[in-house]
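An overview of the molecular structure
For reference, the chains in residue letters:
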Amino acid sequence: MSCISRPRRSRPTPQNLAFFVRVGRNDHKELLDLIATGENGIFGFVIDAQNVDRHRELITEARNRNYDLVLDPKTQPMGFVGGHTDTLAVLPWAMGRHHNVVDFDGAAGRTRAAQIVAMAVSNGFTQVLGPTHLLNGPNDPWLRRDITMMRWTADEIARSGADIDLIYSLAVPMEVLRRSGERQALIDAISDAPCSAIWLKIENFGDDATGEKTAAYIEACRAFHARGLPIVGDHVGGLPGIGALAFGAIGGVAHGVTIQQSFKAGTWRRPSKSAGGGPSWRVYLPQLDMLLKPSKAEVLLAVSPRIRARCGCRDTHCCPHGLRDMIGRPARHAMYQRAREIEMLSGTPQTMRATRYLDERVRRVSDDVAAIAAVTGLDEDLQKSLSKKQGEISRFRQAVAHFAESSPSKTIALAPPRRAASGEQRP
């Protein structure tokens, strides 16, 4: 395939917090429709390597409209027996089994780096997630291989002459990130790895995180600021993700279309089983910080006019036909709403972001969940879900408010600059 030509660009000082969308197998049509409306709250799209051909139209249109395109080579799941699937096995750098550390040694590693870069170049990608792996700590044997692979990948990009940025995808369990000694050892180890940004992919952290865990994540992310590179929270959504942005811990988030908003690798560690259909889209209720199956959302919104007034989408730019579009086109609704949430923070002075987040997001969600949970006529499952959410958000609110008072930050994460055809940032 021929490389899609594009103008060289400069990277201005970042102004806005970044939002990258991880594109699932069946997301491309909805995202094409969204960007056709001029959506500019999204910085770019992360495309899984096995879906490049399937997402050809989205790739072409996104390039034409100056979105970043990030190639995920999927080396992280391919390093586990349960992560190595038939669809990944067809990639040029795959094998008939899951990868082992020695598969990235010497000439074999250089070849894999070249194959990844060749796919990125021939398909017009603007960034590549480096071929790294999920680590169990700073002594994991994958770490040195990953750093070497980052160098070889950077060499291949330079050799190609393509204008492609290389991202270090650091994937570790939350328990490792919490431990300051191990965290600093990882930061020191990757300090000589070539990259233009660091994406933190933290196992057992995401949109379902408690307030205590969110505070620990924010504190840990601050340690990466010294590297002087943009920091993105990968597979991070919901109030925890928005909170990490508000507190300046990260400069951007990346997550899927109503899925992949937290990272759990348990299935990678077990032999894969034949699965049914893929995950379906869910309906995002920002007032409740909840994602519900369309059938459940429809039932909830039908309970009373009070609930419809609080939770129904009334933004005609998002859902022109109101509830019908909100339920019928949940992918568009979710991405549009998340983009507006991040833009709201971007338009707020940094010194006021945490306060605004606590007052206008966390407190309001807490109040709305309590109000909806008190409505009579809810079915048993919804009542249980809302009661559980009410307790969780109350504890979340207390923990994050205490963190804001007790742990002010002295540094702010850099945000990835928005791609533009000229030296000017897009409005």
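As a reminder, the structure under discussion sits directly above these lines.
Residues numbered from 1 in each chain as written. Predicted model: local features only at pLDDT ≥ 70, side-chain atom pairs only at ≥ 80, totals over all residues. Heavy atoms only, no water.

**Quick word on the layout of surface pockets**
By volume, the second largest pocket is sized at about 660 Å³. Together, 28 residues line the second largest pocket, and Asp207, Asp208, Asp289, Lys389 and Glu392 are the ones closest to its centre. No other element matches the 10 residues that helix α16 (residues 380-406) contributes to the lining of the second largest pocket. For the lining of the second largest pocket, the residue count by class is 11 nonpolar, five polar and 12 charged. (1 Å grid on protein atoms, 1.4 Å probe; cavity = no way out; pocket = protein on both sides within 12 Å on 5 of 7 lines; lining within 4 Å. Points joined across faces, edges and corners; volume = space filled by probe spheres on them. Helix = DSSP H or I, 4+ residues; strand = E, 2+ residues; numbered from the N terminus. Nonpolar A, V, L, I, M, F, W, Y, C, P; charged D, E, K, R; others polar.)

**Let's talk about the pairing of strand β6 (residues 197-203)**
Burial within β6 is extensive, with seven of its seven residues counted as buried. Residues Ala197, Trp199, Lys201 and Glu203 line one face of β6 and the alternating positions Ile198, Leu200 and Ile202 line the opposite face, and both faces are buried. For strand β5 (residues 165-173) and β6, the ladder comprises seven bridges, and the chain directions are parallel. Paired with Ser169 across the bridge in β6 is Trp199. Two elements, β6 and strand β8 (residues 231-234), share four bridges in a ladder whose sense is parallel. Bridging from a neighbouring strand, Lys201 pairs with Asp234 of β8. (Buried < 20%, exposed > 50% of the residue type's maximum accessible area, 1.4 Å probe, protein only. Pairing = 2+ DSSP bridges.)

**Concerning the environment of Ala354**
For Ala354, the location among the structural elements is in helix α15 (residues 350-373). In the structure, Ala354 is positioned 50 residues away from Ala404 in sequence and 7.3 Å away in space, judged by C-alpha atoms. Residue contacts for Ala354: discarding those within four places in its chain leaves Ala246 and Phe247. (Contact = heavy atoms within 4.5 Å.)

**A look at the side chain of Thr348**
Its location among the elements puts Thr348 in the loop between α14 (330-346) and α15. In contact with Thr348, other than residues within four places in its own chain, are Arg353 and Arg356.

**Quick word on empty space enclosed by the protein**
Taking a probe equal in size to a water molecule and rolling it over the atoms shows the remaining empty space. For the structure on display, the rule yields three cavities of 30 Å³ or more. Estimated volume of the largest cavity: approximately 70 Å³. The wall of the largest cavity is formed by Arg22, Asp72, Pro73, Lys74, Thr75, Gln76, Pro77, Leu129, Gly130, Ser169, Lys201 and Asp234. At three residues, helix α3 (residues 75-78) tops the list of elements feeding residues into the lining of the largest cavity.

**So, the packing of aromatic side chains**
The full count for this structure, using the stated rule, is nine aromatic pairs. Measuring from ring centre to ring centre gives 5.2 Å for Phe45 and Tyr67, while their planes differ by 55 degrees; the resulting arrangement is tilted. You can see Phe45 sitting in strand β2 (residues 44-48) and its partner Tyr67 sitting in the loop between α2 (56-64) and β3 (68-72), a full 22 residues away along the chain. The pair formed by Phe45 and Tyr67 is uniform in burial state, with each residue classed as buried. Seen in terms of ring centroids, Phe104 and Trp142 are 5.4 Å apart; in terms of plane orientation they differ by 75 degrees. Their pairing is edge-to-face. Of this pair, Phe104 sits in the loop between α4 (86-89) and α5 (106-122) while Trp142 sits in helix α6 (residues 142-160); the two residues are 38 residues apart in sequence, bridging distant segments of the chain. Just as Phe104 is buried, Trp142 falls in that class too. A connected cluster of aromatic rings, assembled from ring pairs, spans Phe20, Phe43 and Trp199. Positioned over the ring face of Phe104 is Arg112, at 5.6 Å from the centre of the ring. (Phe/Tyr/Trp six-rings, centres within 6.5 Å; stacked < 30°, edge-to-face > 60°. Lys NZ or Arg CZ within 6 Å of the ring centre and 35° of its normal.)

**Notes on the nonpolar core**
The biggest cluster of nonpolar side chains holds 122 residues, and the ones touching the most others in it are Phe45, Tyr168, Tyr217, Leu300 and Tyr357. Beyond its immediate stretch of four places on either side in the chain, Phe45 contacts Val21, Val23, Leu31, Ile35, Ala62, Tyr67, Asp68, Leu69 and Val70. Grouped together as the second largest cluster of nonpolar side chains are 11 residues, Ala18, Val46, Leu129 and Ala197 included. (Core = buried A, V, L, I, M, F, W, Y, C linked by side-chain atoms within 4.5 Å.)

**Quick word on the environment of Gly228**
Among the structural elements, Gly228 can be located in the loop between α9 (211-222) and β8. Relative accessible area serves as the criterion here: at 45%, Gly228 is assigned to the partly exposed category. Remark: the alpha-carbon pair of Gly228 and Cys311, spanning 83 residues in sequence, is separated by 40 Å.

**Observations regarding the side chain of Glu341**
Inspection of the secondary structure puts Glu341 in helix α14. Using a relative accessible area of 9% as the deciding quantity, one classes Glu341 as buried.

**Focus on the state of the cysteines**
Tallied over the entire structure, the rule returns zero disulfides. Just so you know, Cys318 is unpaired, no disulfide at all, and the nearest cysteine sulfur is the one on Cys319, 3.6 Å from it. (Disulfide = S-S within 2.5 Å.)

**A look at the pairing of β5**
Within β5, nine of the nine residues are buried, which leaves it mostly tucked inside the rest of the structure. Of the two faces of β5, the one lined by Asp165, Ile167, Ser169, Ala171 and Pro173 and the one lined by Leu166, Tyr168, Leu170 and Val172 are each fully buried. Summarising the sheet, strand β4 (residues 127-129) and β5 pair through three bridges and their orientation is parallel. Bridge pairing in β5 places Val128 opposite Leu166.

Distances and angles like these do not, on their own, reveal function.
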